[in-house]
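What follows is the residue order along each chain.
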Amino acid sequence: MSEGTMQRRAQRDPSVKRLHRVLAGAAVVPAMLIVAGCSSDSGSDDGKDKAAGSSASASASASPSPTVRAAVYKDLPEACDVLSKKTLDDLVPKAKSGKESQSEDISTRAGCSWDSLANNGVDGSQFRWLSVSMLRFESDTTRGAGDELAKEYYDKQVGDVQAAEGAEDTKSEPVTETGDEATAVRYDLKKKEGTFKQQTVVARVENVVLTLDYNGAGLAGDKAPSADDLMKDAKKAAKEAVKAVTGSGDGKSSGGDSESGSPSMPASSSAPAKD
């Protein structure tokens, strides 16, 4: 049978046409399955990525905000009232009312000073000068807890007093029962008026640093006062001033964590200047 005859027969035979359609359909099915399979895998990966992204977002939003231990003292007592009248009469007997230091925020920085000149006629005179300054540190999430900041300042303040310019015969000693920690520093300071016996007590109670300065001199021929007596009075006054801080009542918080973002401490970390 010739090829042309076979083709004409196939065109007339319906069974041959059905066979051709079946074979053609069978060839298409694997390709469709492959496409469907690829589409299904791609959708599964997208779902996993979205789920992972949602989980990471939820984890990030659940991260706790930074906290820091709250400062114990929230304000300071009136600087000119931290010492009793009896103490002032003993240390600066001829003093008038105290002179309050300038401060932009007395709840953070406060100070007061007194001076006394007892004229003994031809025997000369006795001069006394007393100053109390207080610096309070607030807790800050970026800088740390208030008591830790106060500790840093306390150490620096003690070092600065020990290295005072012109100081002679400097001596230091710890002071007990005066806040959380306290140091007394004494030295002689010679001026044209005479030799001044300087006594300084630096004390820290929680987040507050208190510096008490007390000096005396014999002028116009009078003898210099006893450094031991001056130091004894300075320690007593410093202990009294610390009690005024701890007994401020309204300024104390119950502790705990704080999320305060900025300290109330002034930009300058030095103690108030002496008048």
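Parameters and conventions
Residues numbered from 1 in each chain as written. Predicted model: local features only at pLDDT ≥ 70, side-chain atom pairs only at ≥ 80, totals over all residues. Heavy atoms only, no water. Helix = DSSP H or I, 4+ residues; strand = E, 2+ residues; numbered from the N terminus. Polar contact = N/O pair within 3.5 Å; in protein donor to acceptor, adjacent residues only side chain to side chain. Contact = heavy atoms within 4.5 Å. Salt bridge = Lys/Arg side-chain N within 4 Å of Asp/Glu carboxyl O. Buried < 20%, exposed > 50% of the residue type's maximum accessible area, 1.4 Å probe, protein only. pLDDT = per-residue confidence, 0-100. Core = buried A, V, L, I, M, F, W, Y, C linked by side-chain atoms within 4.5 Å. Disulfide = S-S within 2.5 Å. Phe/Tyr/Trp six-rings, centres within 6.5 Å; stacked < 30°, edge-to-face > 60°.

Asker: So what exactly am I meant to see when it comes to the side chain of E181 here?
Answerer: Relative to the elements of secondary structure, E181 occurs in strand β6 (residues 181-191). Side-chain polar atoms of E181 contact the side chain of K151, separated by 2.9 Å. A distance of 2.7 Å separates the side chain of E181 from the side chain of R204, its partner in a polar contact. Other than its neighbours up to four places away in sequence, E181 contacts K151, Y154, V202, A203 and R204.

Asker: Sorry if this is basic, but what is going on with the pattern of salt bridges here?
Answerer: Opposite charge on two side chains makes pairing possible when the charged atoms of those side chains draw close. Under the counting rule described, the total for this entry stands at 16 salt bridges. Among the ionic pairs, D89 bridges to K85, the shortest N-O distance being 3.0 Å. Residue D89 and its partner K85 are located together in helix α3 (residues 85-91), separated by four residues, close to a single helical turn. In this structure D89 comes out as partly exposed when scored by relative accessible area, which is 36%. On the basis of relative accessible area, K85 is assigned to the exposed category, the value being 63%. Taking the shortest distance from any N to any O, the salt bridge between R186 and D228 comes out at 2.8 Å. Highlighted residues: R186 in strand β6 and D228 in helix α5 (residues 227-246), separated in sequence by 42 residues. Among the charged side chains, a network of salt bridges with common partners joins K151, D155, D180, E181 and R204.

Asker: Whenever I open this one, the confidence of the model for the protein confuses me. Can you help?
Answerer: Summing up the model confidence of the protein, the mean pLDDT is 78 and the portion of residues at 70 or higher is 66%. Summarising per-element confidence for the protein, the mean pLDDT is lowest in strand β9 (residues 257-258) (38) and highest in helix α4 (residues 146-162) (98). Note that pLDDT drops below 50 for residues 22-40; the model gives that stretch zero contacts with residues more than four away or on any other chain. Every residue in residues 248-275 is under pLDDT 50, and counting partners more than four places away or in other chains gives 72 contacts.

Asker: I tried to follow the nonpolar core on my own but got confused; where do I start?
Answerer: The tendency in soluble globular proteins is for nonpolar side chains to be buried side by side. Residues L83, W114, L130, V132, M134 and L212 are the most contacted members of the largest nonpolar core, which totals 33 residues. Mapped onto this core, the elements with two or more residues apiece are α3, β3 (109-119), β4 (125-136), β6, β7 (194-205), β8 (208-219) and α5. Of the residues forming this core, the biggest block, eight residues, is contributed by α5. The next biggest cluster of nonpolar side chains, apart from the first, holds 18 residues, and it includes F127, Y154, V161 and F196.

Asker: How should the state of the cysteines be read in this particular structure?
Answerer: What makes a disulfide is a covalent bond joining the sulfur atoms belonging to two cysteines. Overall, the coordinates contain one disulfide when judged by the stated rule. Each sulfur of the disulfide joining C80 and C112 lies 2.0 Å from the other. Judged by the torsion about the S-S bond (95°), the C80/C112 disulfide is right-handed. Residue C80 is found in the loop between β1 (68-69) and α3, and its partner C112 is found in strand β3; the two are separated by 32 residues along the sequence.

Asker: Looking at this structure, I do not really get the packing of aromatic side chains. What am I missing?
Answerer: Each aromatic ring pair is summarised here by two numbers: the centre-to-centre distance and the angle between the ring planes. With the rule as written, the count across this model stands at two aromatic pairs. Ring plane angle 75° and centroid distance 6.0 Å describe the contact between F127 and F196, whose orientation is recorded as edge-to-face. With a gap of 69 residues between them, F127 in strand β4 and F196 in strand β7 connect regions that are remote in the sequence. In this pair, the class of F127 matches that of F196, namely buried.

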